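Chains, contacts and geometry: an overview
These are the residues of each chain, in order.
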Amino acid sequence: MTLAVHVPEELSARVPAEQRGPGLDRDAVRLLVSRSTEVSHHAFGELPRLLRAGDLLVVNTSPTLAAAVDGRIRHARVVVHFSTRGDDGRWAVELRDPDGRGTTRARAGGPAGTEVRLPGGGRLILEEAVSGRLWWARVCGGEVLGLLREHGRPIRYSYTERDQPLSVYQTVFALPSPDGAGSAEMPSAARPFTARLVAELVSRGVQFAPVTLHTGVASAEAHEPPYPERFSVPEASARLINAAKAGDGRVVAVGTTAVRAVESAAGADGVVRARAGWTDLVVTPERGVRVVDGLLTGLHEPEASHLLMLEAVAGRAAIDRGYEEALRRNYLWHEFGDVHLLLPQEGPHAEHCGRNYR
């Protein structure tokens, strides 16, 4: 799915919401709500009034890594984006060129055998292509997670104004992984949540089901399907999701990563079972969704593969209409931008008849 729209450069969110003015917090973003082709405009702080008791938010607990590290190929400077750790100890990485403005630009991958000198004396050796610009690589003379802690910084793209500390890229739901794993880029749909807003949602009867999906770099995904990623849906969350589906609650995924995780754990019967491992699932309109009723997500580039997932959840007409309104009302794009809530269309008596939502 490609949207026939152009996103003007001035609609890129260049700094986090809390840095745009005094007294602002992360939730100081706008919320576009789509119910089929019906669109309404809200502040994100209104989310508790847009959901109802019994609804369930599925949230990704993956922490964000400081996944960008400077390196050298002979005398040339490069930036290594560490994307995904494989079971064999190798990492899927993307090499990028510094652009002189503190960010990077795309660089052709490979060839196999390319050696990158890393800070602290380590070496990165490209071994085989994964997809697009991503390569499986092995680090010699050092441990990657330690390298990231000591020399890494968050991945940053050219539409942002300046470097930010890693804390800016952590969501309120992020939890340390036992093995130190995490996401190369922030599961950004959850970024506007604050502890205060979570408490208000809970007080109104909205529940949360934590899942984990360690997402890789987004820069390699233009016009390409996502590659396999590690995920986990724990038993307690599977029970919560199944209970919501059996009752009147709506299962609303917070971010496309949460959709991919929970749909990967769902059987053909729509029942979610505890599961962990790797998922190569690509959610498309043809495949559809088995579990998710709604989705809270950022605004994606017109060519992003994630738009197929949005269409699977809400339908093409809803996405076209929502993005038309987002552009008309000057919503902000990217990880520090505004958010889009896709909900099932409500019937005339929906507030009394939860089953009308399915």
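Residues numbered from 1 in each chain as written. Predicted model: local features only at pLDDT ≥ 70, side-chain atom pairs only at ≥ 80, totals over all residues. Heavy atoms only, no water.

1. Considerations on the overall build of the protein chain
Counting its regular elements, the protein chain contains seven helices and 16 strands. Taken over the C-alpha trace, the protein chain has a radius of gyration of 20 Å; the compact-globule value for 358 residues is 21 Å, and the two agree within 12%. In terms of its C-alpha atoms, the protein chain occupies a principal-axis envelope of roughly 70 × 40 × 35 Å. For the protein chain, with 358 residues in total, the buried portion stands at 54%. (Helix = DSSP H or I, 4+ residues; strand = E, 2+ residues; numbered from the N terminus. Rg over C-alpha atoms; globule rule 2.2 N^0.38 Å. Buried < 20%, exposed > 50% of the residue type's maximum accessible area, 1.4 Å probe, protein only.)

2. Points about the pairing of strand β2 (residues 38-43)
Examined bridge by bridge, strand β1 (residues 30-35) and β2 share six bridges and lie antiparallel to one another. Residue L31 lies in a different strand from β2, and its bridge partner there is H42. Hairpin connection between β1 and β2: a loop of two residues separates the two successive antiparallel strands, and S36 in this loop has a positive phi of roughly 55 degrees. (Pairing = 2+ DSSP bridges.)

3. A look at empty space enclosed by the protein
A complete count under the given rule lists four cavities of 30 Å³ or more for this structure. Estimated volume of the largest cavity: approximately 80 Å³. With three residues, the single largest contributor to the lining of the largest cavity is strand β5 (residues 76-85). Here the lining of the largest cavity is composed, by residue class, of three nonpolar, five polar and two charged. Reported here for the second largest cavity is a volume of approximately 60 Å³. Looking at the second largest cavity, the residues that line it are A68, V79, H81, G102, T103, T104, R153, P154, R156 and D163. Residues belonging to the lining of the second largest cavity are distributed by class as follows: three nonpolar, four polar and three charged. (1 Å grid on protein atoms, 1.4 Å probe; cavity = no way out; pocket = protein on both sides within 12 Å on 5 of 7 lines; lining within 4 Å. Points joined across faces, edges and corners; volume = space filled by probe spheres on them. Nonpolar A, V, L, I, M, F, W, Y, C, P; charged D, E, K, R; others polar.)

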